[in-house]
Amino acid sequence: MAAFRARLAEAIEDWASAEGLIYTDKAGVAHARVDVLMWGGDDMTFVVPASHVLGFLAALQGVLGAPFDKDKGTARFGHRIGCVIAQRKTPIRLLKKLAGSAEAALRDAVTPEMRKAGVSVVSLDVFESAPLPFASILDHRRTVYGQGYRSGADAVLLSHVAKMAAALRELDDEEGAILKMSQIYRLLDVARLSRRDLCSKAADEAIAEAMKGHFERVKGTPPDMAAWENGWTGQASRGLALLLAQVAQLQPYAQPFTDERARVLSEAVQ
């Protein structure tokens, strides 16, 4: 366990340094924008900038995806990781409680086969512009995704987070992306305006039909959307509507908010 902790701590420190999240002020005092709230056994709680959360998860995969004991080649230990993105003024106890609730909800996403193989899974919930739930995180998800949402349906394999982040960044490419973000928002409106639950087959069919019509009018033959869907999360298809809802929430966090990116976003808002 000590060797595992040391590898994980080193990986986090190396990642934070590379991302500029550890710096030294003029007085020579070191500061970090990554904090550890709890580290006991295999229970850990971290605080990182929202714009770096996907990169942080990818860094964790480098350690959690390797055998627990590198020298002996022992099996991997799978982890459940609940990520909550919220405003910086959110009370830390509430933030920690929500993350714990999200982690517990992931139990339903881990099959016995995944547990045996040491597969790690992660969930991501965004509250920056949404009210914090007073009951459970499941209530929030049913508000966002519909009453048909089932626990664990939005889980992502930790090993797929880096690929998912790359796919999210590609949506910034107006020319090369299969779908633009404006189109994703319109497709979600197709389901919502018809009062369809985003976790329903009816919502998937309505969006698929709208997409088919769009591609036939604008781009000719529709692309292989099944391959596009399954390439995002590493999990079995969760339904097109739910996937697009996740994409819409997570795309702003696909890359760090550099000064240049912040300027571009500011100009876009103006």
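Parameters at a glance
Residues numbered from 1 in each chain as written. Predicted model: local features only at pLDDT ≥ 70, side-chain atom pairs only at ≥ 80, totals over all residues. Heavy atoms only, no water. Helix = DSSP H or I, 4+ residues; strand = E, 2+ residues; numbered from the N terminus. Buried < 20%, exposed > 50% of the residue type's maximum accessible area, 1.4 Å probe, protein only. Polar contact = N/O pair within 3.5 Å; in protein donor to acceptor, adjacent residues only side chain to side chain. Contact = heavy atoms within 4.5 Å. Axes fitted to C-alpha atoms, helices over the stretch in contact; angles between N-to-C directions. Parallel < 35°, antiparallel > 145°, perpendicular 65-115°, else oblique. Left-handed = near helix turned anticlockwise from the far one by under 90°. Nonpolar A, V, L, I, M, F, W, Y, C, P; charged D, E, K, R; others polar. Arc of directions from axis to C-beta. Phe/Tyr/Trp six-rings, centres within 6.5 Å; stacked < 30°, edge-to-face > 60°. Patch = residues over 30% accessible without salt bridge, like charges linked within 9 Å, V, L, I, M, F, W, Y side chains within 5 Å. Areas by Shrake-Rupley, 256 points an atom, 1.4 Å probe, with all protein chains shown as cover. Salt bridge = Lys/Arg side-chain N within 4 Å of Asp/Glu carboxyl O. pLDDT = per-residue confidence, 0-100. Pairing = 2+ DSSP bridges.

### Points about the side chain of Arg141
- The residue Arg141 is located in helix α5 (residues 137-145) in this model.
- Residue classification places Arg141 among the buried positions, given a relative accessible area of 1%.
- A polar atom in the side chain of Arg141 sits 2.7 Å from the side chain of Asp125.
- Excluding its chain neighbours within four sequence positions, the residues that come into contact with Arg141 are Ala102, Ala105, Ser123, Asp125, Gly146, Tyr149 and Asp154.

### Overview of the packing of helix α1 (residues 2-18) against helix α2 (residues 53-64)
- Their axes nearest at 9 Å, the elements α1 and α2 cross at an angle of 150°. Our classification of the angle between α1 and α2 gives roughly antiparallel. Considering how the two elements wind past one another, α1 and α2 form a crossing that is right-handed. Counted together, Phe4, Arg7, Leu8, Ala11, Ile12 and Trp15 of α1 and Gly55, Phe56, Ala59, Leu60, Val63 and Leu64 of α2 form the full contact between these two elements.

### Considering the packing of helix α8 (residues 201-218) against helix α10 (residues 240-250)
- Viewed as axis vectors pointing N to C, α8 and α10 meet at an angle of 75°, and their least axial separation amounts to 7 Å. Taken together, the axes of α8 and α10 lie roughly perpendicular to each other. Note on element contacts: α10 touches α8 through Leu240, Ala241 and Leu244, opposite Ala203, Asp204, Ile207, Ala208 and Met211.
- Its residues placed into classes, the contact of α8 with α10 shows seven nonpolar, no polar and one charged.

### Some thoughts on helix α6 (residues 161-170)
- Looking only at α6, the buried set comprises Val161, Met164, Ala165, Ala167 and Leu168. Each buried residue of α6 lies within a common arc of 160° when the element is viewed along its axis, so the set occupies one face.

### Considerations on the packing of aromatic side chains
- Applying the stated rule across the entire model yields four aromatic pairs.
- Between Trp39 and Phe46 the ring centres are 5.8 Å apart and the planes differ by 80°, which places this aromatic pair in the edge-to-face class.
- The exposure class of Trp39 is partly exposed, given its relative accessible area of 28%.
- Every member of this aromatic cluster is reached through a ring pair, and the members are Trp15, Trp39, Phe46 and Phe56.

### Quick look at a nonpolar patch on the surface
- Taken together, the side chains of Leu37, Met38 and Ile92 make up a nonpolar region of the molecular surface, amounting to roughly 230 Å² of accessible area.
- When you line up the elements, Leu37 lands in strand β3 (residues 35-40).

### A short note on the confidence of the model for the chain
- In the predicted model, the chain carries a mean pLDDT of 81, and the fraction of residues at 70 or more is 81%.
- Per-residue pLDDT stays below 50 along residues 259-270; that stretch engages in five contacts with residues further than four places along the chain or on separate chains.

### Let's talk about the pattern of salt bridges
- Within this structure, the stated rule accounts for three salt bridges.
- Ionic pairing is found between Glu103 and Arg80, a salt bridge with its closest N-O pair at 2.7 Å. Here Glu103 is found in helix α3 (residues 92-105), whereas its partner Arg80 is found in strand β5 (residues 80-85), with 23 residues between them in sequence.
- For Arg141, the salt bridge identified is with Asp125, shortest N-O distance 2.7 Å. Of this pair, Arg141 sits in helix α5 while Asp125 sits in strand β6 (residues 121-126), and the two are 16 residues apart along the sequence. Residue Arg141 shares its accessibility class with Asp125, and that shared class is buried.
- Taken together, the shared-partner salt bridges in this structure form one network comprising Asp125, Arg141 and Asp154.

### Thoughts on the environment of Ser17
- For Ser17, the location among the structural elements is in helix α1.
- Residue Ser17 is classed as partly exposed on the basis of its relative accessible area of 41%.
- With 15 residues separating them in the primary sequence, Ser17 and Ala32 have C-alpha atoms 8.9 Å apart.

### Describing the sheet that holds β5
- Across the sheet, which stays open at both edges, the three strands sit in the order β5-β6-β7 with mixed pairing between neighbours. Bordering the open sheet on either side are β5 and β7 (156-157), each of which pairs with just one other strand.
- Bridge count between β5 and β6: six bridges; the pairing is parallel. Bridged to Arg80 within β6 is Val121.

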